[in-house]
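Analysis of the macromolecular model
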Amino acid sequence: MDRSRRPPKSPKPAAPTGGRPARPGGAETRSRRPAEETGSVVAPPRPVDPTALAPRRITGDPLAPEMLEMAGWDDYALIDSGHGRKLERYGHVRLTRPEEQALWVPRLAAETWEAAAAHFTGDVEEEGPGRWRFTGRMPETWPMRFDPVRFSCRFTSFRHTGVFPEQAAHWRWMREAIGRAARAGRRPKLLNLFGYTGLASLIAAEAGAEVTHVDASKKSIAWARENQGESGLDHLPIRWICDDAQKFVAREVRRGNRYDAILLDPPKYGRGPDGEVWQLFENLGPMLRSCRELLSADALFEILTVYAMRSSYASFHELMAEVMGTRGGRIASGELFIAEDPAPGTDIRRRLATSLWVRWTGEENR
């Protein structure tokens, strides 16, 4: 699914791929007239999953969240945040971007913020989703690295650069889980849905997995292949597939294919390559049920990340528990944070909430 988080604005057609957070469109117009008078169609009831109310073997408390924190690495740092913005360093490039979770006051001087190389100025209707303001000449791309994976960053119109640094918390956990399986003689098969620029796929493959990477954006797939080449990891077993995630998963279920691990990083709203529509709250449940059918009998894990921060991690925990309840295993959930660099003269390290997550772990890997 294309990575746009933004629903279409009527009467304009929906824009393709973009960024993480998206706000709903205009207010919904509600008719007080009966459906038969307005001509509206009442959606048929959804089929009930027969396992939904079956006795559960799952463990994990949705009201006991785990707060995953990512404190940066050599090529990334959250330098400061506040007043609805964040100041970050990607490799050698400092940039500022909007961040609605940053409700507090910035600690660094305004001059430090303004000295950043690039500033995202937000939505500019006549120029597309948004634009960047540069304080000097900037290259089209620049390099970054996370352990063995090398990749290129670039400025996109949806304020992103091709990497979501908070995901490093999942990358490290995943690498350890795959590494243990590899040392035990397995080559786990991993499915990465909504895979974007391929960093998780490269990290998983380098750790010993056989990876199938799916994204609806041809540009993202091309970017991911470039990252594989830059990393010198062309020899690793990765299938790069440009397809609608829902259609791909449905076909894999019909084919009887199985995977030992699944990553899902879905947008709140997105478009497939042929205009397919993805709505998180409508389509996530059926998607997770299809993914359950794809998991092998001795599957390692399934990780879901959701950037709809106005929701609750407990809601997604309960959905995963319902879907995976008869499989057993353990479910953990919570929020994902980035820790700021400590400011001069203080030992306070603020934590910026970025996303919600749920992780299912199979019986043998609890």
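In case you missed it, the structure is sitting above this.
Residues numbered from 1 in each chain as written. Predicted model: local features only at pLDDT ≥ 70, side-chain atom pairs only at ≥ 80, totals over all residues. Heavy atoms only, no water.

To continue, consider the sheet that holds strand β1 (residues 68-70). The strand order β1-β16-β17-β15-β12-β9-β10-β11 describes an open sheet built from eight strands, whose pairing is mixed. Looking at the sheet topology across the chains shown, the edges are occupied by β1 and β11 (238-242). Averaged over all adjacent pairs, the angle separating strand axes in this sheet is 20°, with direction ignored. As paired strands, strand β16 (residues 330-339) and strand β17 (residues 351-361) are joined by 10 bridges and run antiparallel to one another. Across the sheet, Gly 334 pairs through a bridge with Trp 357, a residue of β17. Against the sheet, helix α7 (residues 280-294) touches β9 (189-193), β12 (261-264) and β15 (301-306), its axis set at about 170° to β12. (Pairing = 2+ DSSP bridges. Helix = DSSP H or I, 4+ residues; strand = E, 2+ residues; numbered from the N terminus. Axes fitted to C-alpha atoms, helices over the stretch in contact; angles between N-to-C directions. Contact = heavy atoms within 4.5 Å.)

Take the pattern of salt bridges next. Under the criterion given, the structure shown has 22 salt bridges. For Lys 247, the salt bridge identified is with Glu 276, shortest N-O distance 2.9 Å. Remark: Glu 276 occurs in the loop between β13 (269-271) and β14 (277-279) and Lys 247 occurs in helix α6 (residues 245-255); sequence separation between them is 29 residues. Classification of Lys 247 by relative accessible area gives partly exposed; the value is 40%. We classify Glu 276 as buried; its relative accessible area is 12%. Via salt bridges that share partners, Asp 49, Arg 289, Arg 292, Glu 293 and Glu 322 belong to a single interconnected network. (Salt bridge = Lys/Arg side-chain N within 4 Å of Asp/Glu carboxyl O. Buried < 20%, exposed > 50% of the residue type's maximum accessible area, 1.4 Å probe, protein only.)

Tracing the backbone through its elements, the reader meets Pro 267 in the loop between β12 and β13. Classification of Pro 267 as buried rests on a relative accessible area of 1%. Sequence-wise, Pro 267 and Thr 305 are 38 residues apart; in three dimensions their C-alpha atoms are separated by 9.3 Å.

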